[in-house]
Amino acid sequence: MPVYTRILVPLEHSPYDAAILAHVRPLARLCGASLVCMHVADGWAARNLRQLALQDSEEMRRDRAYLEAVCAALAGEGLDAEALLGCGDPADEILAAAERERCDLIAMATHGHRFLADVVYGSVAEAVRHRSRVPVLLVRGERRAKPREADAARDTTAVPPPA
């Protein structure tokens, strides 16, 4: 059985994060692996941050605070976790981070879209799965929350609970 030492965990800052975190917590404990929790900001400011020397947007500041809160909660459970905020195309950033951070597993949640939704929206998970040089663990998340629940999930204090 492979033993993973460093697991990249892309998070969306959404209710889907709880599904993947519920799987990586025990896996990290079992393997003694560290976690790199990553979010890729892909709004206009994030996609043009480097080229135009822009400041972090409010969305990016919220995303960074969310990642730090998730990592603090994981550390409180005795896990080694660090936060990483990427900017740009999510699949490209996830794959680059896996290589740069020397991760030996990428673990991410999926939405479970079907044919038409994938054609219209694309699938970050599919792009990562096809292009990754390390194993990819895909966990199907719960259906999207109702609008009020989604607003609560964007709150930086709303950290997905341990399983």
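Look above for the structure.
1. Focus on the layout of surface pockets
- The calculated volume of the second largest pocket comes to roughly 180 Å³.
- What lines the second largest pocket is simply Leu95, Ala96, Ala98, Glu99, Cys103, Ile106, Arg131, Ser132, Arg133 and Val134.
- For the lining of the second largest pocket, the element with the most residues is helix H5 (residues 90-100), which contributes four residues.
- Looking at the lining of the second largest pocket residue by residue, the classes come out as six nonpolar, one polar and three charged.

2. Overview of the packing of H5 against helix H7 (residues 124-131)
- Two numbers describe how H5 lies on H7: the axes approach to 9 Å, and their chain directions differ by 40°. In terms of orientation, H5 lies oblique with respect to H7. As H5 runs across H7, the sense of the crossing is right-handed. In this structure, H5 uses Pro90, Ala91, Asp92, Ile94 and Leu95 to contact H7, whose residues at the interface are Val124, Ala127, Val128 and Arg131.

3. Some words on the sheet that holds strand E3 (residues 81-87)
- An order of E3-E2-E1-E4-E5 is seen for the five strands of this open sheet, with the pairing classed as parallel. Of all strands in the sheet, those bounded by a partner on one side alone are E3 and strand E5 (136-140). This sheet shows a mean twist of 25° between the axes of neighbouring strands, independent of strand direction.
- Where strand E1 (residues 6-10) meets strand E4 (residues 105-110), two bridges bridge the pair, whose relative direction is parallel.

4. Some remarks on the side chain of Ser34
- Here Ser34 shows up in strand E2 (residues 34-41).
- Within polar-contact distance, the side chain of Ser34 engages the side chain of Arg6 at 3.2 Å.
- Ignoring sequence-local partners within four residues, the contact set of Ser34 consists of Thr5, Arg6, Ile7 and Asp80.

The rules behind these values
- Residues numbered from 1 in each chain as written.
- Predicted model: local features only at pLDDT ≥ 70, side-chain atom pairs only at ≥ 80, totals over all residues.
- Heavy atoms only, no water.
- 1 Å grid on protein atoms, 1.4 Å probe; cavity = no way out; pocket = protein on both sides within 12 Å on 5 of 7 lines; lining within 4 Å.
- Points joined across faces, edges and corners; volume = space filled by probe spheres on them.
- Helix = DSSP H or I, 4+ residues; strand = E, 2+ residues; numbered from the N terminus.
- Nonpolar A, V, L, I, M, F, W, Y, C, P; charged D, E, K, R; others polar.
- Axes fitted to C-alpha atoms, helices over the stretch in contact; angles between N-to-C directions.
- Parallel < 35°, antiparallel > 145°, perpendicular 65-115°, else oblique.
- Left-handed = near helix turned anticlockwise from the far one by under 90°.
- Contact = heavy atoms within 4.5 Å.
- Pairing = 2+ DSSP bridges.
- Polar contact = N/O pair within 3.5 Å; in protein donor to acceptor, adjacent residues only side chain to side chain.

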